[in-house]
Amino acid sequence: MVTLRLSIGNHVDEPELKLPKITSLCIILAMNVLLQISFFIIVSSSNEYAEYLGGSSTFSGLVIGIPTVFGGVALVPMTGFDKGRYAMPLHVGCLAAILGHIAYASAYRLHFLYLILIGRCLNGISFTGFMYTKRYCTDPRIVGIRRRTTLASWLVIGQGLGMTLGPFSGGLLYKIGFSNPIFNGYTSPGWVMACVYVVFWIIIALYFEDVPQVNEVSSQTTSSLSLGIMHAPRPNHDNQGGTLFTRQTVTGLRIPFHHVPATQCGVVFCMCWFAMLCFFILGSWEANLPVFGAATPDLRWSPFAAGNFIALGGITAFPFLLANIFFAGRIQDRKLLALGCGLGLSGLTVFLSLLRTGKINYGSLFMCWWAIALGFNLATTVTLSLLSKQLPPERNRWSSMVIQYSNYTGRVTGAVWGGSGVSVGMLNYVGLEIALVGIGAALFATLWRNLKTKTG
């Protein structure tokens, strides 16, 4: 944050380097961390909680992943009422998170399996905040083009914190035991997070300063535009070779989709694929590790041990994610994406070989998880920031939504796939993930030249 504070002071008059008010930015970044913790805090104990209430491991995976489905559904009305601003989604998100966590915690006393599903569905409404935090950090009204990857790196730091603190806290709270039917190892994550959101909601009400409301003319112009360009044979290129779209590029109101260059459509599809892919693999591993660890004779993990293992991967990856903030301003987005996916693929490949040889132990599994956690978290840094640099400013809202829907798709399908990993066979489980990375690599290689953008 020191870096951001200095940047605001030094570059307040430079449009490409502008940043929002530091207090509001901190609230947005903190919201991202809380949402990540909310998503991950049940991972270590949800399998046993579901089984206690009469469910299965697959149902547990559904409980982990279902919020993203409801988040995707809730985005449609939410974006219709937000007026291009952020305060209303933040307030709705806090309310939904509080209700969702209370419902999840109440299922134990009522012994009602589907109440944990209902609670997670309510949490899903709060997970619309994932899109708003991304949109805020790439909003051309408040964030310069050379600051977007840096702010996206801060979001990934929050992602890493959530991936670390969530499972660790859930595993630690599981140690409370079950002497109390209200606050125990299964319900405590829900009660604790509900209280945290109450405090955070008060902070938002007191200190968050929203962006200026879009004026009527700007709103009418934006609503009449659709993805693409019109009457322009090709986009501008900056002095680094990156593709730039400016307001001057857009000269008409109704821009048919078929006027969009094929390569630009390819870039959008490529970023959506990687946005889905990264969260599919991360979500599947987070859901699978407690199940796989409990079923493996050499491990026999409890929820506490599984939470510690997942958190350890996040802790050891955290310094590298922090360093990425420094390098994000100096390395092109496409190279960061290649580095992250390459590292994650190496973890998957080694794990596949370990499964074939049967040499699974704590150390070998940890090295695979560390490479996957670091690699695919690193890759998520650039999916939205790259698009925001290539598409016109009017398309930031649209690009934020398509990337978030891709994230949602990856999260929910990944969680279900991870919960089913032991049932379908671990070789099949890892093989599918490697195949998906291979498809992404083919897209990446085909569009390499078109993925070049400004750094920062």
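Described in the following lines is the structure provided in the data block.

## Details of the packing of aromatic side chains
Next up, step 1: Evaluation of the coordinates by the stated rule reveals 30 aromatic pairs.
Next up, step 2: Summarising the aromatic geometry, the rings of Phe-127 and Phe-130 are spaced 5.2 Å apart at their centres and angled 45° between planes, so their arrangement reads as tilted.
Next up, step 3: Assessed through its relative accessible area of 0%, Phe-127 is described here as buried.
Next up, step 4: One aromatic cluster is present, built from ring pairs that chain together Tyr-49, Tyr-52, Tyr-104, Tyr-108, Tyr-174, Phe-178 and Tyr-186.
Next up, step 5: Cation over ring: Arg-120 sits above Phe-39, and NZ or CZ is 5.7 Å from the ring centre.
Next up, step 6: Here Arg-411 stacks its cationic end above the ring of Phe-39, 4.4 Å away from the centre of that ring.

## A closer look at the nonpolar core
Next up, step 1: If you look at the biggest cluster of nonpolar residues, it comprises 127 residues, and the most contacted ones within it are Ile-116, Ile-281, Trp-285, Phe-351, Leu-365, Trp-369 and Phe-376.
Next up, step 2: For this core, the leading source of residues is helix α11 (residues 262-295), giving 18 residues.
Next up, step 3: Those residues within four positions of Trp-369 in sequence are excluded, and the remaining contacts are Met-163, Trp-285, Glu-286, Leu-289, Phe-309, Ile-310 and Gly-313.

## Considerations on the pattern of salt bridges
Next up, step 1: Here the structure, examined in full by the defined rule, presents 6 salt bridges.
Next up, step 2: A salt bridge links Asp-333 to Lys-389; the nearest nitrogen and oxygen atoms lie 3.3 Å apart. With a gap of 56 residues between them, Asp-333 in helix α13 (residues 333-357) and Lys-389 in helix α15 (residues 383-390) connect regions that are remote in the sequence. Per residue, the accessibility class of Asp-333 equals that of Lys-389, and both read buried.
Next up, step 3: A single salt-bridge network, built from bridges that share partners, covers Asp-82, Arg-135 and Arg-397.

## Remarks on the packing of α11 against helix α14 (residues 362-379)
Next up, step 1: Between α11 and α14, the least distance of the axes is 9 Å, while the angle of their chain directions is 155°. Here α11 is positioned roughly antiparallel relative to α14, judged by the angle of their axes. When the axes of α11 and α14 are compared, the crossing they make is left-handed. Between α11 and α14, the residues in contact are Cys-278, Ile-281, Leu-282, Trp-285, Glu-286, Leu-289 and Phe-292 and Leu-365, Cys-368, Trp-369, Ile-372, Ala-373, Phe-376, Asn-377 and Ala-379, respectively.

## Overview of empty space enclosed by the protein
Next up, step 1: Taken as a whole and judged by the stated rule, the model has 4 cavities of 30 Å³ or more.
Next up, step 2: Its volume calculated, the largest cavity comes out at about 170 Å³.
Next up, step 3: Contributing elements (two or more residues each) for the lining of the largest cavity: α2 (22-40), α7 (129-137), α8 (148-174) and α15.
Next up, step 4: Per-element tally for the lining of the largest cavity: the top contributor is α8, with 4 residues.
Next up, step 5: When its residues are assigned to classes, the lining of the largest cavity shows 7 nonpolar, 9 polar and 1 charged.
Next up, step 6: Forming the boundary of the second largest cavity are Phe-39, Phe-40, Gln-159, Met-163, Phe-279, Leu-282, Gly-283, Glu-286, Asn-377 and Arg-411.
Next up, step 7: For the lining of the second largest cavity, the secondary-structure elements that each account for two or more residues are α2, α8 and α11.
Next up, step 8: Sort the elements by how many residues they give to the lining of the second largest cavity and α11 lands first, with 4 residues.

Basis of the calculations
- Residues numbered from 1 in each chain as written.
- Predicted model: local features only at pLDDT ≥ 70, side-chain atom pairs only at ≥ 80, totals over all residues.
- Heavy atoms only, no water.
- Phe/Tyr/Trp six-rings, centres within 6.5 Å; stacked < 30°, edge-to-face > 60°.
- Buried < 20%, exposed > 50% of the residue type's maximum accessible area, 1.4 Å probe, protein only.
- Lys NZ or Arg CZ within 6 Å of the ring centre and 35° of its normal.
- Core = buried A, V, L, I, M, F, W, Y, C linked by side-chain atoms within 4.5 Å.
- Helix = DSSP H or I, 4+ residues; strand = E, 2+ residues; numbered from the N terminus.
- Contact = heavy atoms within 4.5 Å.
- Salt bridge = Lys/Arg side-chain N within 4 Å of Asp/Glu carboxyl O.
- Axes fitted to C-alpha atoms, helices over the stretch in contact; angles between N-to-C directions.
- Parallel < 35°, antiparallel > 145°, perpendicular 65-115°, else oblique.
- Left-handed = near helix turned anticlockwise from the far one by under 90°.
- 1 Å grid on protein atoms, 1.4 Å probe; cavity = no way out; pocket = protein on both sides within 12 Å on 5 of 7 lines; lining within 4 Å.
- Points joined across faces, edges and corners; volume = space filled by probe spheres on them.
- Nonpolar A, V, L, I, M, F, W, Y, C, P; charged D, E, K, R; others polar.

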